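Each chain is listed here by its residues.
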Amino acid sequence: MSLSTHVLDTAAGRPAADVFVRLSRRAAHGFVPVAEGRTDDDGRIRDWTPLGREWIAEEDPRPGTYRLVFDTAAYLGDEAFFPEVSVVFTVRAAGEHHHVPLLLSPFAYSTYRGS
């Protein structure tokens, strides 16, 4: 699969390990979950767990609109101001690598298209 993510805890100055992330693809009736994973000790997800037949590793991500939902409450705790972060992005060309990192702190977050 040519999609990766990386969660950095900017308040702590280190990678955010064990953050659950779900990837969905937009369909006619809304977003359909296609894969999920947890960040490793380096805060990265390189290998996703496919959900059903919606995700074909050698073909995806195909052109379309996708959503990553990060379960930040489980990582930040009950006092999290943002209990989840949703990042919606568009894949325009198949075959390109897409890296969508999340910079996270208790009261702010940022994202961008990485390499």
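Let me sum up the structure you'll find in this document. Just so we're clear, the structure is a prediction, and the values are computed from it rather than from any experiment.

Before going further, it helps to spend a moment on the overall build of the protein chain. Secondary structure assignment for the protein chain yields one helix and eleven strands. Traced from its N-terminal end to its C-terminal end, the protein chain shows the element sequence β-β-β-β-β-β-β-α-β-β-β-β. A compact globule built from 115 residues would reach a C-alpha radius of gyration of about 13 Å, and the protein chain, at 14 Å, matches this within 12%. Along the three orthogonal principal directions, the C-alpha set of the protein chain runs to about 35 × 30 × 20 Å. Long-range pairs, those at least 24 residues apart, make up 53% of the contacts in the protein chain between residues at least 6 apart in sequence. For the protein chain, the exposed area adds up to about 6400 Å²; of that, 49% sits on carbon and sulfur atoms. Averaging the coordinates of the 12 positive side-chain charges in the protein chain and doing the same for the 16 negative ones gives two points 7 Å apart.

Ranked by internal contacts, the top residues of the largest apolar core, which has 21 residues, are Val21, Leu23, Trp48, Leu68, Phe70 and Phe89. Every element with two or more residues in this core is listed here: β1 (3-9), β3 (20-27), β4 (30-38), β7 (64-70), β8 (85-91) and β10 (102-105). For this core, the element with the most residues is β8, which contributes four residues. Among all residues touching Phe89, those that are not within four sequence positions of it are Leu3, Leu23, Gly64, Thr65, Tyr66, Leu68 and Val100.

Rules used in this analysis
- Residues numbered from 1 in each chain as written.
- Predicted model: local features only at pLDDT ≥ 70, side-chain atom pairs only at ≥ 80, totals over all residues.
- Heavy atoms only, no water.
- Helix = DSSP H or I, 4+ residues; strand = E, 2+ residues; numbered from the N terminus.
- Rg over C-alpha atoms; globule rule 2.2 N^0.38 Å.
- Contact = heavy atoms within 4.5 Å.
- Areas by Shrake-Rupley, 256 points an atom, 1.4 Å probe, with all protein chains shown as cover.
- Lys, Arg positive; Asp, Glu negative; His and termini not counted.
- Charge placed at Lys NZ, Arg CZ, Asp CG, Glu CD.
- Core = buried A, V, L, I, M, F, W, Y, C linked by side-chain atoms within 4.5 Å.
- Buried < 20%, exposed > 50% of the residue type's maximum accessible area, 1.4 Å probe, protein only.

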